[in-house]
Amino acid sequence: MSRLKRIFQQISRYPSAMLGLAVIALLLGIAIYTMVTIPYSEAIRLWRGGEAVWGEYPRTAKPVWTDWLTRDRLPRSIVLDSRTSPAVEKTAQGDPEASHRQTLTFTFDYPYEGFPQELVIFMEGSYAERRPHASLTWITPDGREIRMGEMAVRSAETYRPGQDSRLQRRLRGDSAEIGLFRDPEAETRTAIKGTYQMVLDVDLFEPEADVEAKLVVHGQVHGLAGTDHRRRDLTVALLWGTPVALAFGLLAALGSTLTTMIIAATGVWMGGWVDSVIQRVTEVNMILPFLPILIMIGTLYTRSIWVILSVVILLSIFGSAIKTYRAIFIQVRESPYIEAARAYGASNGRIIFKYMIPRIIPMIIPGLVVSIPTFVFLEASLAILGLGDPVLPTWGKLIDDARSNGALFQGYYYWMLQPFFMLMLTGLGFATLGFALDRIFNPRLRGL
Amino acid sequence: MADVPMTSEAVSPPRERGRTSSSTFVRVFRYTAVRLLALVLSVVFGVYLTILVANMGGAVDDIRRGQIREGVAMMLSMDPELRQLSRAERDALSAEFIAIAEARFGLDQPFIIRSFRFLQNALTLDLGRAEHLTSDSGSREVRQIILERLPPTLVLFATANLFLFFFSVSMALFLSRRYGTFLDRMIIALSPASSAPSWFYGLFLILFFAAMWGVLPYGGMVSAPPPAQTSAYLLDLARHMILPVSAMVLSGIFASTYSWRTFFLIYSSEDYVEMAKAKGLGARDIERHYILRPTLPTIITSFALMLISMWTGAIILETVFNWPGLGRLFFSAINLYDTPVIVGETVVYAYLLALTVFMLDFVYVLVDPRVKIGGGRGSA
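Just so we're clear, the structure is a prediction, and the values are computed from it rather than from any experiment.

Topic: the overall build of chain A
Stage number 1. Counting its regular elements, chain A contains 18 helices and nine strands.
Stage number 2. Against the globule reference of 22 Å for 448 residues, chain A gives a C-alpha radius of gyration of 32 Å, more extended than a compact globule.
Stage number 3. Oriented by its inertia axes, the alpha-carbon framework of chain A measures out at about 105 × 45 × 40 Å.
Stage number 4. Classification of the 448 residues of chain A by burial places 42% in the buried group.
Stage number 5. Restricting the contact set of chain A to residue pairs at least 6 apart, pairs at least 24 apart contribute 73%.

Structure follows, in structure tokens:
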């Protein structure tokens, strides 16, 4: 315990190490928070659940914080559901036993600059024989009434004003997203701020018939991280990318370093054919192309991130690190305390695990910490090549999605920059700590 | 991250183990023979493993069989004359066609036998014909395909790697003389930035310089259509190289300068350097004879490994920048299960690596009088 305390005291003298530790702590915090609040199954549902999950989100909407960079307040999404929202007024006229009329009034405030991305009205009719008939009217803050469209309502009806060409003609060529909100007098297209109303008049022809409706005004910004081309909330992927990246990096770095160390120590201590076999395997492995083999595994066998992780560890075990450790162990082998252990009859296993390995642990910790981001980026690299895990949302997959869906060409920079930021934060956090530890643990570097 | 083999075993002089050498010639000959044998075995194993993986241990054959079957069925159904044949006749005909096609691809033999033939062909550098890929000139020869992709890779990676290498070594020498200065501390502080790979910086640079500001191209090697004049062509090529080269330099420069600097610093704190300083030798002389000289083996190793690493190109960087090099070739070969191309590229790399490792042993003897060939035990 006191040793740990001493190491920590040493670390605390290096501001860069403290910075790295703080970043890692932050990432760990995010990872734990994510796993507690969004369990694995819930994350998969949110990421792969289909339109039901993300239908109300706008498509490729910027994150809310982009507002802070400009003075404009970009439109948020507005969702009004006649079943749940108090902002929808439902009134009925006429005899409920025969044909009668229902009026649903959707009232909402629109205080934003710019126009919404899309308008969608979802209607659900319940009837036995004759479909209810709906007609929609739009009331702007300055009191103009715009007739939108009329239709028979089936059990599930979707009306997209933006695709209604007759409405577009009535709006003098503007699409509904602009025409319904713009000030017709103004030269430039500016949205009128204020309270809008959409009135849905439904003629019901049966006593039991009913219509419920939902108005969705898709904004230009959504959530903390924006949305992608399938309307999915990127926050989920950014949050869940954290535990995945940390687990992948830590497991790969720990697994490969520890195994390499044990194998190198065994080879050096046993000598003879054990040592030469290890050497030969290492040389064969250095010829094998690392990334291509991973790609082949991904293409030909499986894309599960955990299988890939095991292959990464397996291929890294017999890497160039084994030669480095070997060189250190050869020196350790000659130390007097090893000879002493031998003299009292310690077994091979005892010497390797109790005397040789503990000796070099301080020397390898910096390298281990520095190698973590390498593996984190490796996971992202595989995702860029389209070999990411098909189920889990990861940072690499976000970058890949953004790249393959033209985020760069269409200016959806947030889509790529956010996973970039997370990757860079992870990389810098571990690398900064590792470099500082290198100076702490390797006395030869301390003064340098 | 740049890999500076600081504790490379070959660099530290092997300790004599009390064995008096018989004669120098026999010792060198024996060492060379053993070393060559070990390297050849490694190459054979490595290439064979690659053949096994690239063929999925034979499972790719089933994919090929399926493709042949589908092709034959399509062919038969498209031919109006054959459609009039009876079902039995058609089945017989299709079986015959399939057998011919399978024999043509060698699929009539079991995979294990063919795998050894693949190995033999690969090792004799008889790279054979690709199954799906063709060179831009239309050739199916793997040799042609690889030779066509080699120049773009070499142009890009030679520029970046040579610059990176010489700049970081000379910068590190410069910094090791004045460590603790602002510049030195800045390099130390920036070195964690190298934890990100070059494609990462590549995408970053594309985002700013191509997408946001539109001053440089998104990718590719030349504009379409390529300029006719040689000077204009070269200028265009240089314009397309700015971003990928900067990406590689950005991702490599800090850590590589940092580790070379530390490496030189360790050597410049040796007693003989202090001694040379005390003798009043000039800074240049000390650098050349007392710091660079003993570190030469490491510098040469690093340089040689850097040179052969150009052969593989970089799969992701080339993909990100749409660069028509060997890395992208490899990637498309994997996606098309084009094993001859995969094996061809790997075997050439394996030979280059083995040759370099072999030559390095002799280079060490030339540049470091302390190293004796076959002098120590277990000098692998």
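A look at the sheet that holds strand β7 (residues 157-159) of chain A
Residues and elements named next belong to chain A.
Stage number 1. If you walk across this open sheet you meet the four strands as β1-β9-β4-β7, and the pairing is antiparallel. Looking at strand neighbours, the two that pair on one side only are β1 (78-81) and β7, the edges of this open sheet. Across the sheet, the mean angle separating the axes of adjacent strands is 15 degrees when strand polarity is ignored.
Stage number 2. The pairing of strand β4 (residues 118-126) with β7 spans three bridges and is classified as antiparallel. In the strand pairing of β7, Met123 is matched with Glu157.

Describing the sheet that holds strand β5 (residues 133-139) of chain A
All names here are of chain A.
Stage number 1. The strand order across the open sheet formed by five strands is β2-β3-β8-β5-β6, and the pairing between neighbours is antiparallel. Two strands in the sheet have a free side with no partner beyond their single neighbour: β2 (88-93) and β6 (145-152). Recorded for the sheet is a direction-independent mean angle of 15 degrees between the axes of neighbouring strands.
Stage number 2. Two elements, β2 and strand β3 (residues 100-110), share six bridges in a ladder whose sense is antiparallel. When the sheet's bridge partners are listed, Ala92 is paired in β3 with Gln102.

Quick look at the interface of chain A and chain B
Stage number 1. At the interface, 44 residues of chain A touch 46 residues of chain B.
Stage number 2. At the level of secondary structure, the elements contributing two or more residues to the side of chain A that touches chain B comprise α9 (272-287), α10 (290-301), α12 (321-333), α14 (348-384), α16 (407-410), α17 (413-441) and α18 (443-446) of chain A.
Stage number 3. A total of 10 residues in the side of chain A that touches chain B trace back to one element, the largest contributor, which is α17(A).
Stage number 4. Residue composition of the side of chain A that touches chain B, by class: 30 nonpolar, eight polar and six charged.

What to know about the nonpolar core
Stage number 1. Within the largest apolar cluster, 146 residues are counted, with the highest numbers of intra-cluster contacts made by A:Ile399 and A:Leu423.
Stage number 2. Looking at this core, the element that brings in the most residues is α14(A), giving 17 residues.
Stage number 3. Residues in contact with A:Leu423, not counting those within four places in the same chain, are A:Val376, A:Phe377, A:Ala380, A:Trp395 and B:Phe200.
Stage number 4. With 37 residues, the next largest nonpolar core counts A:Leu74, A:Trp138, A:Ala213 and A:Val221 among its residues.

Examining the pairing of β6(A)
All names here are of chain A.
Stage number 1. Here β5 pairs with β6 via six bridges, running antiparallel. Its bridge partner being in β6, Ala134 is matched across the sheet by Met151.
Stage number 2. Taken together, β5 and the strand that follows it, β6, pair antiparallel across an intervening segment of five residues, in which Gly143 is found at a positive phi of about 90 degrees.

Some thoughts on the domain arrangement of chain B
Residues and elements named next belong to chain B.
Stage number 1. Along its sequence, chain B is carved into domain 1 (22-123) and domain 2 (149-326 + 345-367).
Stage number 2. One C-alpha centre belongs to domain 1, the other to domain 2, and the line joining them spans 39 Å.
Stage number 3. At the junction of the two partners, domain 1 supplies 10 residues and domain 2 supplies eight residues.
Stage number 4. At the level of secondary structure, the elements contributing two or more residues to the side of domain 1 that touches domain 2 comprise α1 (24-54) and α4 (111-123).
Stage number 5. Ranked by residue count, the leading element in the side of domain 1 that touches domain 2 is α1, at eight residues.
Stage number 6. Here the side of domain 1 that touches domain 2 is built from residues that sort into six nonpolar, three polar and one charged.

Points about the packing of α9(A) against α1(B)
Stage number 1. With their axes 8 Å apart at the nearest point, α9(A) and α1(B) run at an angle of 55 degrees to one another. By the angle between their axes, α9(A) is oblique relative to α1(B). Handedness of the α9(A)/α1(B) crossing: right-handed. Facing A:Arg280, A:Glu283, A:Val284 and A:Ile287 of α9(A), the residues of α1(B) in contact are B:Ala38, B:Leu41, B:Ser42, B:Val43, B:Phe45 and B:Gly46.
Stage number 2. For the contact of α9(A) with α1(B), a count of residues per class yields six nonpolar, two polar and two charged.

Focus on the environment of A:Gly396
Residue and element names in this part refer to chain A.
Stage number 1. Note on placement: Gly396 falls in helix α15 (residues 395-404).
Stage number 2. Given 28 C-beta atoms within 10 Å, Gly396 falls into the buried group.
Stage number 3. Separated by 33 residues in sequence, Gly396 and Met363 place their C-alpha atoms 31 Å apart.
Stage number 4. Setting aside its immediate chain neighbours within four residues, Gly396 contacts Glu379, Ala380, Leu382, Ala383, Ile384 and Gly388.

Thoughts on the domain arrangement of chain A
Stage number 1. Taken domain by domain, chain A comprises domain 1 (2-46 + 232-445) and domain 2 (75-218).
Stage number 2. A C-alpha centroid distance of 55 Å is found between domain 1 of chain A and domain 2 of chain A.

Comments concerning helix α8 (residues 230-268) of chain B
Stage number 1. With 39 residues, α8(B) extends just 48 Å between its outermost C-alpha atoms, more than 12% less than the 57 Å of an ideal straight helix rising 1.5 Å per residue.
Stage number 2. The largest bend in α8(B) comes to about 40 degrees, at B:Ile253.

Quick word on unusual backbone geometry
Stage number 1. For the peptide bond that leads from B:Ala224 to B:Pro225, omega is -5 degrees, which places it in the cis range.
Stage number 2. Along the chain, B:Pro225 turns up in the loop between α7 (198-212) and α8.
Stage number 3. Despite not being glycine, A:Thr60 shows a phi value in the positive range, around 35 degrees.
Stage number 4. With respect to the element layout, A:Thr60 can be found in the loop between α4 (51-54) and α5 (66-69).
Stage number 5. The backbone phi angle of A:Arg172 is positive, close to 55 degrees, even though this residue is not glycine.
Stage number 6. On the secondary structure map, A:Arg172 appears in the loop between α6 (165-170) and α7 (176-179).
Stage number 7. What makes A:Arg172 exposed here is the crowd of 8 C-beta atoms within 10 Å.

Observations regarding the pairing of β3(A)
Within a regular beta strand, the side chains point alternately toward one face of the sheet and then the other, so they alternate between its two faces.
All names here are of chain A.
Stage number 1. The turn linking β2 back onto β3 is made up of six residues, and Gly94 within it adopts a positive phi angle of 85 degrees.
Stage number 2. Pairing of β3 with strand β8 (residues 194-204), which is carried by 11 bridges, proceeds in the antiparallel orientation. In the sheet register, Gln102 faces β8, and the bridge partner there is Val202.

Topic: the confidence of the model for chain B
Residue and element names in this part refer to chain B.
Stage number 1. Looking at chain B as a whole, its pLDDT mean stands at 82, while 92% of the residues score no less than 70.
Stage number 2. The least confident element of chain B, judged by mean pLDDT, is helix α10 (residues 283-312) at 82; the most confident is α7 at 91.
Stage number 3. Contacts from residues 1-19, a stretch scored under 50 in pLDDT, to residues over four places away or in other chains number 44 contacts.
Stage number 4. Here residues 376-380 scores under 50 on pLDDT; set against residues more than four positions off or in separate chains, the count is 10 contacts.
Stage number 5. The ipTM assigned to the predicted complex is 0.82, against a pTM of 0.83.

A look at the environment of B:Phe118
Residue and element names in this part refer to chain B.
Stage number 1. Following the sequence through the fold, Phe118 ends up in helix α4.
Stage number 2. Residue Phe118 is classed as buried on the basis of its C-beta count, with 24 C-beta atoms lying within 10 Å.
Stage number 3. Put simply, Phe118 and Ala92 are 26 residues apart on the chain and 31 Å apart in space, counted from C-alpha to C-alpha.
Stage number 4. Residues contacting Phe118, with those up to four places away along its chain left out, are Ile51 and Val343.

A closer look at the packing of α17(A) against α7(B)
Stage number 1. For the pair α17(A) and α7(B), the least separation of the axes is 11 Å and the interaxial angle reads 145 degrees. Seen from above, α17(A) lies across α7(B) with left-handed handedness. On the side of α17(A), the interface is formed by A:Tyr413, A:Met416, A:Phe420 and A:Leu423, while α7(B) contributes B:Phe200, B:Leu203, B:Phe204 and B:Leu207.
Stage number 2. Of the residues in the contact of α17(A) with α7(B), the class split is eight nonpolar, no polar and no charged.

What counts and what doesn't
- Residues numbered from 1 in each chain as written.
- Chains lettered and ligands numbered in written order.
- Predicted model: local features only at pLDDT ≥ 70, side-chain atom pairs only at ≥ 80, totals over all residues.
- Helix = DSSP H or I, 4+ residues; strand = E, 2+ residues; numbered from the N terminus.
- Rg over C-alpha atoms; globule rule 2.2 N^0.38 Å.
- Buried ≥ 20, exposed ≤ 12 C-beta atoms within 10 Å, placed from the backbone.
- Contact = placed C-beta atoms within 7 Å.
- Pairing = 2+ DSSP bridges.
- Axes fitted to C-alpha atoms, helices over the stretch in contact; angles between N-to-C directions.
- Nonpolar A, V, L, I, M, F, W, Y, C, P; charged D, E, K, R; others polar.
- Core = buried A, V, L, I, M, F, W, Y, C linked by C-beta atoms within 7 Å.
- Domains from an automatic or database assignment.
- Parallel < 35°, antiparallel > 145°, perpendicular 65-115°, else oblique.
- Left-handed = near helix turned anticlockwise from the far one by under 90°.
- Expected span 1.5 Å × (residues − 1).
- Bend = angle between axes of the 7 residues up to and from the residue.
- pLDDT = per-residue confidence, 0-100.

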